[in-house]
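The residues making up each chain are set out below.
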Amino acid sequence: MIKKIFYPILFLLLFGALLSFLGRNSDYAAERKLVSANKLFLKSARTPETIPPRLYEKIKKSYEKIIARYDGTKSEKEARLLLSRLYMFMKDYAAARAELNKIIEKYPDNESYCAEAVFTSGNSYEAENKWDKALAEYERIMRDYTPVARALDMPIYIAGHYAKNNDKKSADAYLWKALGYYKKIYENNPNSQAAYVAMGLEVTVFELLGEWQNTLTSIQQIINAYPYAPTLINSLRAIEMIAVSRLKDPEAAIKIFTDFIEKYPEHKIKPIILKEIENIKTKSQNNDADKPKS
Amino acid sequence: MSKKQHTALSILSTSFITMINHPVIIFPFVLIAFFELFSLEIIYFIPRWPLSIIFAPVIRAIWSEQALHYPFNFPVIYNIFYAAQIIIYVFLGGYLTAVSSATIYHINENKPTGLRIMLKKAGRQYINIFCVALLLIVIYFLIREGYGLFIKKFALGKIGSSIRIIRGIKKVLVLTNQYAVFLFTVIAETMLAYCIPILIVENKKLFAAIKENFIFLKKTFFATFIFVLAPSLLLLPLIYANGKALILMDKVFPEVIIMLIAGGIIFSLFINAFIITVLTSFYLLKRKT
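Everything numeric in this text was worked out from a predicted model, so none of it was measured. (Residues numbered from 1 in each chain as written. Chains lettered and ligands numbered in written order. Predicted model: local features only at pLDDT ≥ 70, side-chain atom pairs only at ≥ 80, totals over all residues.)

Quick look at the overall build of chain B
So, step 1. Scanning chain B for helices and strands turns up 13 helices and zero strands.
So, step 2. Start at the N end of chain B and walk to the C end: the helices and strands fall as α-α-α-α-α-α-α-α-α-α-α-α-α.
So, step 3. Here the C-alpha coordinates of chain B stretch approximately 55 × 55 × 35 Å along the principal axes.
So, step 4. For chain B, long-range pairs separated by at least 24 residues make up 76% of all intrachain contacts whose partners lie at least 6 apart in sequence. (Helix = DSSP H or I, 4+ residues; strand = E, 2+ residues; numbered from the N terminus. Contact = placed C-beta atoms within 7 Å.)

Next comes the structure, spelled out in C-alpha cells:
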C-alpha cells in the first residue's frame, strides 16, 4: 500500500521538478523574482534611514541577478528601472542616471521604456533640486517620445510642479503651451489612441485654466470624433455640468446634444440624450419661474 | 445519550476503525487526489514554457494576458482548478468512490478485495455511477448559482434596506454565504448518499437505485445527514481560509493559494473516504436488519 502511494507522490514531485527546470528561464520565472525583490524594497522603503547596508546590497543584488539572467525580457527592463529607483532612494543620483542611460542605449526602439527612463532621470534631478535639468529631461520626452503615454502626461506634470511651488504664472504659461502640443498630436495622428488621449488632456488643461467655453468645445470635439467611446456618458454629463453650472447657459448643452443626435440618429444612447434634454429644459423653466420678476 | 445517538456514534467509530484497519478503502481516493494534484500542477505551470505554448492562447482568450503573469495568475488558478475538479469528479471521482464502496462491501462479506476485482465490479456500473456524479454536480451548480442569485437580488439589493433588522440579516447572509453553500451541498449529498452503495451492492439500474435511495433515506435521513455533515465540518477551516485567500496572497505570498488547494485535496481524500465507509457500512447494516 505504501508503495502505491509513494510512486504517485514521486511522479508528482519529479514532474513538478521537470516543469520547473524547463521553465527556469521563462518570463514568468523572471516576474516571480522581480515581485520578490520589489516586496523587499517596498518593505525597507518605509524606513529609508534605517536600511542596513546588508539589506540594501541584497535588494541590489536581486535586481542585478534578474538583469543578468533574464536579458531581453520585460522583467529585465523593469528591474533596471527599479534598480535606478533604489539608487535614487539611497540618494545615489549619479548611479541612478547611469543605470537609466543603459536602458536608453540598450533599447532605443522601445519608446515606452525610454520615456520612463528619461522621466525617472528627471525625477532624480528634481530630488537634487535641479529643476532646470529636470525640465530639460521632461521636455526631451515630449520632443523625442511622443505619442507614448508618459509624453502626453508631461505638460500637466510640469504645470503641476509650478503650481505646487505657487508659481501660477509659469503653470498657466505651460498649460497654454500644452494646448499646442496636444493639438499637434491629434491633428497628426487622427483616429488613434494617442489622439483620443490628447483630446481628453486638452479638456483637462482648459478646465485647469478655467476656460469653460473652450472646455465645452473640446468635449464636443471628442464626442463627435469618438461617438462610441466608453467615456461617452461621462462626457455628456460633463457637458451638462459645465453648461449649466459654470457657463449658466443650459441652451449650450441642449445644442450640443441635439447636434450629436442629428449626426448619429441611430446611436443607442439617443433615448437617454432626449430624456436629458427634457430634464435640462424642465430645470431651466423652473429656475426661470423662481427668479424674481423685475 | 439516546439509542439513536449511540448507534450513530458507534457507526462512525466502527467505520473509522474499519478504514484504519483496511487502508485499501482509502486507495481509490488517493487516486482521485493524485489526478487532482496532477491537474493542479499542470495549471500552476501553464504560464511557463513549455505548457504556455498550448495553454497560453486559451487563457488569453478566456481571461486576459494578465492572467499569464505573476502573481495575477493565482486567482485564475482557482477557477481553472475548480473546472478541472468537476471534470475529474464526473468522469473518475464517482467511479473511484464506487470502487471504495465495493471494497467495503467485499470486506463485509469476507470476499477478496484486490484492486482489479473492485475496478471491474464498479466498472460494470460506470454509466450509472457517471449519471449519479453528474446529477450531484448539476444539483451543486443549482445550489451555488441559485443561492448566489438570491444573495445578489436580496442581500445585495435594495429590498428592505431601510429596515434595520433586514439590513442586519442581509449582512449576515453575505458574510455566511460560503457556509450556507456548504450546508446546502451537504444536504444535496445526503439526498443522494446511498445511490452509489446501492448501485454496487444491489447491482440495480440507475432509476431503481435512486428510488431505493429515497426509500432508505425516508427512514434514516437524520442519521445520514449526520454521517455526511460530521466529517465534512472538518473542511470548514479550509473554507474559511479559501474565503480569505486573496488577502493571504497579498499578506504572505501568492503561492499560499496552491498550498490551500493542495491541503484541501489531501484533507478531502480522508474525509470522503470516511464518509463513503460510513454510508456503505450503515447501508449494509440496515440491509441485514
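Structural notes on the overall build of chain A
So, step 1. Within chain A, the secondary structure is distributed over 14 helices and zero strands.
So, step 2. Going from N to C terminus, chain A has its helices and strands arranged as α-α-α-α-α-α-α-α-α-α-α-α-α-α.
So, step 3. Taking 2.2 N^0.38 as the reference for a compact globule, 294 residues should give roughly 19 Å; the C-alpha atoms of chain A span a radius of gyration of 27 Å, well beyond that estimate.
So, step 4. Considered along the principal axes of its C-alpha atoms, chain A spans approximately 95 × 65 × 40 Å.
So, step 5. Evaluated residue by residue, chain A yields a buried proportion of 32% over its 294 residues.
So, step 6. A separation threshold of at least 6 residues defines the contact pool for chain A, and within that pool the share at least 24 residues apart is 44%. (Rg over C-alpha atoms; globule rule 2.2 N^0.38 Å. Buried ≥ 20, exposed ≤ 12 C-beta atoms within 10 Å, placed from the backbone.)

Digging into helix H7 (residues 131-144) of chain A
All names here are of chain A.
So, step 1. An ideal rise of 1.5 Å per residue puts 20 Å on 14 residues; H7 measures up with 20 Å between its terminal C-alpha atoms.
So, step 2. Here H7 has its buried residues at Ala134, Glu137, Tyr138, Ile141 and Met142. The arc that holds every buried residue of H7, seen down its axis, measures 140 degrees, which confines them to one face. Exposed residues pointing more than 90 degrees away from the buried face of H7 are listed as Asp132 and Arg143.
So, step 3. Elements that come into contact with the buried residues of H7 comprise helix H6 (111-127), helix H8 (149-164) and helix H9 (168-188). (Expected span 1.5 Å × (residues − 1). Arc of directions from axis to C-beta.)

Let's talk about the interface of chain B and chain A
So, step 1. On the side of chain A, 16 residues touch chain B, which itself brings 17 residues to the contact.
So, step 2. Broken down by element, the residue count for the side of chain B that touches chain A peaks at seven residues, all from helix H2 (residues 27-45) of chain B.
So, step 3. Here the side of chain B that touches chain A is built from residues that sort into 14 nonpolar, one polar and two charged. (Nonpolar A, V, L, I, M, F, W, Y, C, P; charged D, E, K, R; others polar.)

Observations concerning the domain arrangement of chain A
So, step 1. By domain assignment, chain A separates into domain 1 (33-143) and domain 2 (211-288).
So, step 2. Distance between the C-alpha centres of domain 1 of chain A and domain 2 of chain A: 45 Å. (Domains from an automatic or database assignment.)

Focus: the nonpolar core
Across soluble globular proteins, nonpolar side chains show a tendency to be buried alongside one another.
So, step 1. In terms of nonpolar packing, the biggest core is built from 67 residues, with Tyr63(A), Ile66(A), Ile141(A), Ala198(A) and Ile239(A) touching the most fellow members.
So, step 2. Broken down by element, this core gets its largest block of residues, eight residues, from H9(A).
So, step 3. Two domains each provide a minimum of three residues to this core, namely domain 1 (33-143) and domain 2 (211-288) of chain A.
So, step 4. When sequence neighbours within four positions are dropped, the list of residues in contact with Ala198(A) reads Leu152(A), Tyr182(A), Ile185(A) and Tyr186(A).
So, step 5. Grouped together as the second largest cluster of nonpolar side chains are 63 residues, Ile46(B), Phe81(B), Leu136(B) and Ile265(B) included. (Core = buried A, V, L, I, M, F, W, Y, C linked by C-beta atoms within 7 Å.)

Points about unusual backbone geometry
So, step 1. The linkage connecting Thr146(A) with the following residue, Pro147(A), adopts the cis geometry, with an omega of 10 degrees.
So, step 2. Mapped onto the fold, Pro147(A) is located in the loop between H7 and H8.
So, step 3. For the peptide bond that leads from Tyr70(B) to Pro71(B), omega is -5 degrees, which places it in the cis range.
So, step 4. Position of Pro71(B) among the secondary structure elements: in the loop between helix H3 (51-62) and helix H4 (73-108).
So, step 5. Positive phi outside glycine occurs at Asn191(A), with the angle close to 60 degrees.
So, step 6. Mapped onto the elements, Asn191(A) comes out in the loop between H9 and helix H10 (193-209).
So, step 7. One non-glycine residue with positive phi stands out, namely Lys248(A), at about 55 degrees.
So, step 8. In this fold, Lys248(A) is placed in the loop between helix H12 (232-246) and helix H13 (250-263).
So, step 9. A residue is classified by how many C-beta atoms lie within 10 Å of it, and Lys248(A), with 10 of them, is exposed.

Comments concerning the environment of Ile25(B)
Residue and element names in this part refer to chain B.
So, step 1. Here Ile25 shows up in the loop between helix H1 (3-21) and H2.
So, step 2. Along the chain, Ile25 and Ile107 lie 82 residues apart, while their C-alpha atoms are 9.5 Å from each other.
So, step 3. When residues no more than four places from it in sequence are discounted, the contact partners of Ile25 are Met19, Ser100, Thr103, Ile104, Ala273 and Thr277.

Looking at the confidence of the model for chain B
So, step 1. Predicted confidence across chain B gives a mean pLDDT of 89, with 98% of residues reaching 70 or more.
So, step 2. Both confidence scores are given for the complex: pTM 0.78, ipTM 0.81. (pLDDT = per-residue confidence, 0-100.)

Some details on the packing of helix H1 (residues 2-22) of chain A against H2(B)
So, step 1. It is at 11 Å that the axes of H1(A) and H2(B) come closest, and there the two elements cross at 0 degrees. Between H1(A) and H2(B), the angle is such that the two are roughly parallel. Residues Lys4(A), Ile5(A), Pro8(A), Leu12(A), Phe15(A), Gly16(A) and Leu19(A) of H1(A) form the contact with H2(B), whose own contacting residues are Phe27(B), Val30(B), Phe34(B), Leu37(B), Phe38(B), Glu41(B) and Phe45(B).
So, step 2. When the residues that make up the contact of H1(A) with H2(B) are grouped by side-chain class, the tally is eleven nonpolar, one polar and two charged. (Axes fitted to C-alpha atoms, helices over the stretch in contact; angles between N-to-C directions. Parallel < 35°, antiparallel > 145°, perpendicular 65-115°, else oblique.)

Considering the packing of H6(A) against H7(A)
Residue and element names in this part refer to chain A.
So, step 1. The contact between H6 and H7 brings their axes to 7 Å, and the two run at 165 degrees. Between H6 and H7, the crossing angle belongs to the class labelled roughly antiparallel. Here H6 runs over H7; the crossing is left-handed. Across the interface between the two elements, Ala115, Val118, Phe119, Ser121, Gly122, Tyr125 and Glu126 of H6 pack against Trp131, Lys133, Ala134, Glu137, Tyr138, Arg140 and Ile141 of H7.
So, step 2. In the contact of H6 with H7, the residues fall into eight nonpolar, two polar and four charged. (Left-handed = near helix turned anticlockwise from the far one by under 90°.)

What about the environment of Ile143(B)?
Residues and elements named next belong to chain B.
So, step 1. Secondary-structure assignment places Ile143 in helix H6 (residues 126-155).
So, step 2. Judged by C-beta crowding, with 18 C-beta atoms within 10 Å, Ile143 ranks as partly exposed.
So, step 3. Considering only alpha carbons, one finds Ile143 and Thr185, 42 residues apart in sequence, at a separation of 7.3 Å.
So, step 4. Contacts of Ile143, omitting those with residues within four sequence positions, involve Val181, Phe184, Thr185 and Ala188.

Remarks on the environment of Phe184(B)
Residue and element names in this part refer to chain B.
So, step 1. Locating Phe184 in the fold gives a position in helix H8 (residues 177-191).
So, step 2. Put simply, Phe184 and Thr280 are 96 residues apart on the chain and 22 Å apart in space, counted from C-alpha to C-alpha.
So, step 3. Setting aside residues no more than four positions away along its own chain, Phe184 makes contact with Ile143 and Tyr147.

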